[in-house]
Amino acid sequence: MPLQFYNTLTRRKETFVPEDPERVRIYVCGPTVYDFAHIGNARPVVVFDVLFRLLRHVYGDTRVTYVRNITDVDDKILTAADEQQRSISDITESTTAAFHEDMDALGALRPTIEPRATGHIGQMIAMIEDLVEKEHAYVAEGHVLFSVPSMEDYGQLSRRSRDDLVAGARVDVAPYKKDPADFVLWKPSAENQPGWESPWGRGRPGWHIECSAMSAEHLGETFDIHGGGQDLVFPHHENELAQSRCAHGTSRMARYWLHNGYVVVNGEKMSKSLGNFLTVRQLLEEGYDGEVIRLALLSGHYRQPLDINREKLAESKSQLDRLYGALRPLGDSLPEASREETPERLLDALSDDLNTPLALSALHDLAHELNKASDEEKVGCAEALLSGAHLLGLLERVPEAWFKGSEGDLDVVEIERLIAERLAARKARDFATADRIRDDLLERGILLEDGAQGTTWRRR
């Protein structure tokens, strides 16, 4: 079936038709690098990683350009540097490195291009100059502000009323604004703050202009898909769209706007400001595998709220055990994933607005078929399972590695020695010793499974 996505701009599901099938272009708002990424931050990374994989599957790996930025100049970074008594560069470099490590652990592919805001100040200044020249922006007390009334159809993305727009701007109300809804494109910097020389004095960019400049630089004035979290629809994406269209004189910025829902805790949005968040780093350090976290993030439809808790993570671990367990008997006969063998039912699920819950259901059906398959059919069934899982970024490891973990977790040689000792005890009918070894291993997180082919083990 053709690709179909729900477009926030039109409020309906639409068939995806790229401007240029030879160069499909997608921009997703990346992290502001001042702290570890929490699960809510990770959700768009994983969601749009699946979209990236799907687009590459349909159009070809070299024909999809995925841009995800790093925001490395922002008031939150200044606050973090001040509170921690660290340099801004130390904050941004260490946090960017941690973000990459954590998202790598979740199996997310790196974007094609990962621009940094501080590397595009010249482009931002040039865009602001265009907006001033076209009378969509004005200078006031060292600030440059976008004039919301200058754009007749401002608000088309969020569809907020005039009162809502003004209410949304109250966090930044200032006497130099001509209209309460106007927003900052450039602002002055104090001597102890990062700043760049500009026609309006030394200063730094506002948040929204950063993404407009970076997307235009790497994807062009218009492109196919703009993605991000639901919380970015207003004001960030609304303002991006406005300043980009007005600067370039285009009827649109992106053709399709995709937004993922919140991660929630007991029905309340997870956020750092509320203090109810779990960081990816925290969960990894607690022993949760990155693939477990990834499956949990894909367990709900991307546009719906998703409640992540340790019970859901435990269920995700059980699901992966079942999937890897279906592949485990193949041993060295495990095939490679193949684009040509991707199951149509799973591809159809993802093509229908990234329906990952339905895709995961198809994956479990494939595992069930593999468990029932004859010896002659097993390799073909396994290839279909692995090929479908690859689109979701799952089952990327050899089953034995999944069940046994890394050697650093617990000495694998020692485990194998104890299993051999248990086997010898059973042969000698010393069942008390055999049971003690089994129970000792279970206490250390190692589950033994006796079968016709002998004893296998896995980590709980």
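Being a predicted model, the structure only gives us computed values, none of them experimental. (Residues numbered from 1 in each chain as written. Predicted model: local features only at pLDDT ≥ 70, side-chain atom pairs only at ≥ 80, totals over all residues. Heavy atoms only, no water.)

**Points about the overall build of the protein chain**
For step 1, the next point in the chain: Across its full length, the protein chain holds 16 helices and 15 strands.
For step 2, the next point in the chain: Overall, the C-alpha framework of the protein chain stretches about 90 × 50 × 35 Å when taken along its three principal axes.
For step 3, the next point in the chain: Sequence separation of at least 24 residues holds for 75% of the intrachain contacts in the protein chain that already meet a minimum separation of 6.
For step 4, the next point in the chain: As displayed, the protein chain has an accessible area near 20,500 Å², and 47% of this comes from carbon and sulfur atoms.
For step 5, the next point in the chain: With 54 positive and 77 negative side-chain charges, the protein chain shows a separation of 3 Å between the mean positions of the two kinds. (Helix = DSSP H or I, 4+ residues; strand = E, 2+ residues; numbered from the N terminus. Contact = heavy atoms within 4.5 Å. Areas by Shrake-Rupley, 256 points an atom, 1.4 Å probe, with all protein chains shown as cover. Lys, Arg positive; Asp, Glu negative; His and termini not counted. Charge placed at Lys NZ, Arg CZ, Asp CG, Glu CD.)

**Things to note about the environment of Lys269**
For step 1, the next point in the chain: Tracing the sequence through the fold places Lys269 in strand E12 (residues 268–269).
For step 2, the next point in the chain: Residue Lys269 is classed as partly exposed on the basis of its relative accessible area, which comes to 31%.
For step 3, the next point in the chain: Taking C-alpha positions, Lys269 is 33 Å from Val144, a pair spaced 125 residues apart along the chain.
For step 4, the next point in the chain: Excluding anything up to four places from it in sequence, Lys269 contacts Asp231, Tyr262, Val263, Val264, Leu274 and Asn276. (Buried < 20%, exposed > 50% of the residue type's maximum accessible area, 1.4 Å probe, protein only.)

**Details of the sheet that holds strand E3 (residues 24–28)**
For step 1, the next point in the chain: Read from one edge to the other, the open sheet built from four strands follows the order E4-E3-E9-E10, with strand pairing classed as parallel. Only two strands of the sheet have a single neighbouring strand rather than two, namely strand E4 (64–68) and strand E10 (254–260). Averaged over all pairs of adjacent strands, the angle between their axes in this sheet comes to 20°, without regard to strand direction.
For step 2, the next point in the chain: Strand direction decides the pairing type here: E3 and E4, joined by five bridges, are parallel. Residue pairing for E4: Ile26 is matched across the bridge by Tyr66.
For step 3, the next point in the chain: Packing of helix H6 (residues 207–219) onto the sheet brings it into contact with E3, E4 and strand E9 (223–229), and relative to E3 it is tilted by some 160°. (Pairing = 2+ DSSP bridges. Axes fitted to C-alpha atoms, helices over the stretch in contact; angles between N-to-C directions.)

**Structural notes on the packing of aromatic side chains**
The relative placement of two aromatic rings is captured by the distance of their centres and the angle of their planes.
For step 1, the next point in the chain: A full pass over the atoms with the stated rule returns eight aromatic pairs.
For step 2, the next point in the chain: Between the aromatic rings of Phe16 and Tyr59, the centroid separation amounts to 6.2 Å while the plane-to-plane angle is 80°, which identifies the pairing as edge-to-face. Of the two residues, Phe16 sits in the loop between strand E2 (12–15) and E3 while Tyr59 sits in helix H1 (residues 39–59), which places them 43 residues apart along the sequence.
For step 3, the next point in the chain: By relative accessible area, which is 17% here, Tyr59 ends up buried.
For step 4, the next point in the chain: Cluster of aromatic residues (ring-pair linked, three or more members): Phe5, Phe16, Tyr59 and Tyr256.
For step 5, the next point in the chain: If you follow Arg56 out to its NZ or CZ, it ends over the ring of Phe52, 5.0 Å from the centre. (Phe/Tyr/Trp six-rings, centres within 6.5 Å; stacked < 30°, edge-to-face > 60°. Lys NZ or Arg CZ within 6 Å of the ring centre and 35° of its normal.)

**Some words on the pattern of salt bridges**
For step 1, the next point in the chain: For the structure on display, the rule yields 31 salt bridges.
For step 2, the next point in the chain: A salt bridge links Arg204 to Asp75; the shortest N-O distance between them is 2.8 Å. Note that Arg204 is positioned in strand E8 (residues 203–205) and Asp75 in helix H2 (residues 75–84), a separation of 129 residues in sequence.
For step 3, the next point in the chain: Assessed through its relative accessible area of 6%, Arg204 is described here as buried.
For step 4, the next point in the chain: According to the relative accessible area criterion, Asp75 is partly exposed, its value standing at 35%.
For step 5, the next point in the chain: Among the salt bridges present, the one from Asp153 reaches Arg245, with a minimum N-O distance of 3.0 Å. (Salt bridge = Lys/Arg side-chain N within 4 Å of Asp/Glu carboxyl O.)

**A closer look at the environment of Leu283**
For step 1, the next point in the chain: Within the secondary structure, Leu283 is located in helix H8 (residues 280–285).
For step 2, the next point in the chain: Judged by its relative accessible area of 0%, Leu283 is buried.
For step 3, the next point in the chain: As for Leu283 and Ser251, which are separated by 32 residues in sequence, their C-alpha atoms are 44 Å apart.
For step 4, the next point in the chain: Once you skip the residues sitting within four places of it in the chain, Leu283 turns out to touch Ile39, Leu278, Tyr288, Ile293, Arg310 and Leu313.

**Focus: the pairing of E10**
For step 1, the next point in the chain: The buried fraction of E10 is high, at six of seven residues.
For step 2, the next point in the chain: Relative to E10, E9 runs parallel, the two sharing six bridges. The partner of Gly227 across the bridge, within E10, is Leu258.
For step 3, the next point in the chain: Taken together, E9, helix H7 (residues 233–248) and E10 constitute a β-α-β crossover, and its handedness is right-handed. (Right-handed = clockwise from strand over helix to strand, strands pointing away.)

**A short note on the sheet that holds strand E11 (residues 263–265)**
Strand pairs in the sheet, formed through backbone hydrogen bonds, run parallel or antiparallel to each other.
For step 1, the next point in the chain: Strand order in the open sheet formed by three strands is E12-E11-E13, and the pairing between neighbours is mixed. Only two strands of the sheet have a single neighbouring strand rather than two, namely E12 and strand E13 (306–307).
For step 2, the next point in the chain: In this sheet, E12 lies alongside E11 in antiparallel orientation, the contact comprising two bridges. Each bridged residue has a counterpart across the sheet, and for Val265 the counterpart in E12 is Glu268.

**Quick word on the packing of H1 against helix H9 (residues 290–298)**
For step 1, the next point in the chain: Packing of H1 against H9 brings their axes to within 10 Å, and their N-to-C directions diverge by 80°. Compared by their axis directions, H1 and H9 come out roughly perpendicular. Together, Ile39, Ala42, Arg43, Val46, Asp49, Val50 and Arg53 of H1 and Ile293, Arg294, Leu297 and Leu298 of H9 make up the contact between the two elements.
For step 2, the next point in the chain: Residue composition of the contact of H1 with H9, grouped by class: seven nonpolar, no polar and four charged. (Parallel < 35°, antiparallel > 145°, perpendicular 65-115°, else oblique. Nonpolar A, V, L, I, M, F, W, Y, C, P; charged D, E, K, R; others polar.)

**Some words on the nonpolar core**
For step 1, the next point in the chain: In terms of nonpolar packing, the biggest core is built from 74 residues, with Ile39, Leu297, Leu392 and Leu395 touching the most fellow members.
For step 2, the next point in the chain: Among residues more than four places away in sequence, those in contact with Leu392 are Val50, Arg294, Leu298, Leu346, Leu350, Thr356, Ala359, Leu360 and Leu363.
For step 3, the next point in the chain: The next biggest cluster of nonpolar side chains, apart from the first, holds 40 residues, and it includes Tyr27, Val144, Leu232 and Trp257. (Core = buried A, V, L, I, M, F, W, Y, C linked by side-chain atoms within 4.5 Å.)

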